[in-house]
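The chain contents come next:
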Amino acid sequence: MTNFLPAEEQALTRRFLETGHIIAPAEDRAALDRIRDLLVHAACDWLDCPLPASPDAFLNGIGDRVPVDRLNDFRLHQIGRLNAEPWARAAYFAAARRTLEILVGNELAMQRRLNLSIQLSGDSSSLLPVHADVWSGDSPFELVLWIPLVDCYRTKSMYLLPPGPAQALEGRMADYTGRNTDDIYRDIEPDLLWLDIPYGHFLLFNQNLPHGNRVNQEPEARWSMNCRFKGVFTPYADKRLGEFFEPITLRAASRIGMAYDYPNGFKE
Ligand SMILES: O=C(O)CCC(=O)C(=O)O
Ligand SMILES: [Fe+2]
């Protein structure tokens, strides 16, 4: 295969293909801090409390202020506030723009809503069992940009099955017919990568690989955001352009081509 990518882009590509993910420092740290501040402000409005001296300690300790039975209300409030800010998606993109351009493309479609996940220590009510997004209506051309708002490690983070074991699992998938996802989890557990992602970093991963989370056994709350990106002209599955995805970096030639109509009565 011809490959005119510069050497450093080829190296990143190889690493991503081999491991199914990249963890790297945010490319625009101020943009990420701005998102975190927005969520801290929104939380303080909901809780009717003063702004904390340490956003990090406040977010990690949110379980002391929000009871589990109000967690979903709280999370929906936070997501609403996040997506109401016109700048938030641009800031999210800025946190990993260069890496997305190398691994996905420079004409991108981005999910229209940012997702937010909050997992309190010991809470089993909002777990995602092992899955690949592509198994349930996502296109195999999408990557997920996952950004934590607190340090995420061990069970406070998510796990990913790397490409080798994932391929082996796909080969014996028929064996699991009629069994549940816990059976799959038990079988793949020794091969799982628990991704260690400190605040200030992003995770970009291949959602065709099995992934998920377990009960957060660490003492603090997990806060993470996720959002999907794909090449704007790559095939779509259930999540459509205009509904779920929106183009964010269309180039001149594409805009010209999309707007072009052959002249009236034109025949070859
Ligand atoms: O945040 C997690 O633990 C899982 C996220 C996930 O499944 C996704 O973003 O596709
Ligand atoms: Fe997923």
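Everything below is about the structure shown above.
Computed from a predicted structure; not experimentally measured. Throughout this document, residue positions are counted from 1 along each chain, in the order its sequence is written. Chains carry letters from A onward and ligands carry numbers from 1 onward, assigned in written order. Predicted model: local features are reported for residues with pLDDT of at least 70 only, side-chain atom pairs are reported and counted for 80 or more only, and whole-chain, interface and lining totals are derived from all residues. Where side-chain values are given, they derive from all heavy atoms of the structure, hydrogens and water being excluded.

J.: Can you help me understand the pattern of salt bridges in this one?
T.: Salt bridge, as applied in this entry: a Lys or Arg side-chain nitrogen positioned within 4 Å of an Asp or Glu carboxyl oxygen. Going through the model one piece at a time under the given rule, you end up with 15 salt bridges. Arg29 is the partner of Asp33 in a salt bridge, and the nearest nitrogen-oxygen pair spans 2.9 Å. In this pair, Asp33 and Arg29 are both assigned in helix α2 (residues 29-47), 4 residues apart and thus about one turn of the helix distant. In this scheme, a residue with accessible area under 20% of its type's maximum is buried, one over 50% is exposed, and one in between is partly exposed, where area comes from a 1.4 Å probe on protein chains only. Under the relative-accessibility criterion, Asp33 is labelled partly exposed at 23%. For Glu218, the salt bridge is made with Arg154, and the minimal N-O distance between the two is 3.6 Å. Taken together, the residues span a long stretch of sequence, with Glu218 in the loop between β8 (211-212) and β9 (222-231) and Arg154 in the loop between β4 (143-148) and β5 (159-160) at a distance of 64 residues. In this structure Arg154 comes out as exposed when scored by relative accessible area, which is 54%. Within the structure, one salt-bridge network assembled from shared partners comprises Asp133, Asp138, Arg228 and Lys239. Only runs of H or I of at least four residues qualify as helices and only runs of E of at least two qualify as strands under DSSP, and these elements are numbered from the N terminus.

J.: Got a minute to help me understand the sheet that holds strand β6 (residues 193-194) in this structure?
T.: Across a sheet, paired strands are connected by hydrogen bonds in the backbone, their directions being either parallel or antiparallel. Pairing between strands is defined by DSSP: at least two bridges between the two strands are required. The antiparallel open sheet is built from 3 strands, whose spatial order is β6-β5-β8. The outermost strands of the open sheet, each flanked by one partner alone, are β6 and β8. The pairing of β5 with β8 spans 2 bridges and is antiparallel. Counterpart to Leu160 in the pairing with β8 is His211.

J.: So what exactly am I meant to see when it comes to the coordination of the iron ion (ligand 2) here?
T.: Around a metal, the ideal angle is 109.5 degrees if four donors adopt a tetrahedral arrangement and 90 or 180 degrees if six donors adopt an octahedral arrangement. A 2.8 Å cut-off from the metal defines N, O and S donors, relaxed to 3.2 Å for Na, K and Ca; water is not in the atom list, so some sites may appear incomplete. Note on the iron ion (ligand 2): its protein donors are His131 (NE2), Asp133 (OD) and His211 (NE2). The metal-donor distances range over 2.1 Å. Ordering the donors of the iron ion (ligand 2) by residue number gives the pattern H-x1-D-x77-H. Residue Asp133 is found in the loop between β3 (115-119) and β4, and its partner His211 is found in strand β8; the two are separated by 78 residues along the sequence. This pair shows no difference in class: Asp133 is buried, exactly as His211 is.

J.: Help me understand a nonpolar patch on the surface in this model?
T.: On the surface, a cluster of nonpolar side chains totalling about 400 Å² of accessible area is made up of Tyr260, Tyr262 and Phe266. A relative accessible area of 60% places Tyr262 in the exposed class. Distance thresholds for patches are 9 Å for like charges and 5 Å for nonpolar side chains (Val, Leu, Ile, Met, Phe, Trp, Tyr), applied to residues having over 30% relative accessible area and no salt bridge. For the accessible areas, the method is Shrake-Rupley and the probe is 1.4 Å, while residue cover comes only from the protein chains on display.

J.: Sorry, what's going on with the site of ligand 1 here?
T.: Near ligand 1 the following residues occur: Leu128, His131, Asp133, Val144, Trp146, Met158, Phe205, His211, Asn213, Arg222, Asn226 and Arg228. Identification of polar contacts relies on pairs of N or O atoms within 3.5 Å, with a donor-acceptor requirement for protein atoms, meaning one able to donate a hydrogen and the other able to accept it, and with residues adjacent in sequence counted only if both atoms are side-chain atoms. A distance of 2.9 Å separates an oxygen atom of ligand 1 from a polar atom in the side chain of Asp133. Within the side chain of Trp146, one N or O atom sits 2.8 Å away from an oxygen atom of ligand 1. Considered on its own, ligand 1 offers 290 Å² of accessible surface; in the complex 97% of this is hidden by protein. Whether a residue is near a molecule or strand is decided by its heavy atoms; if any one of them lies within 4 Å of it, the residue is near.

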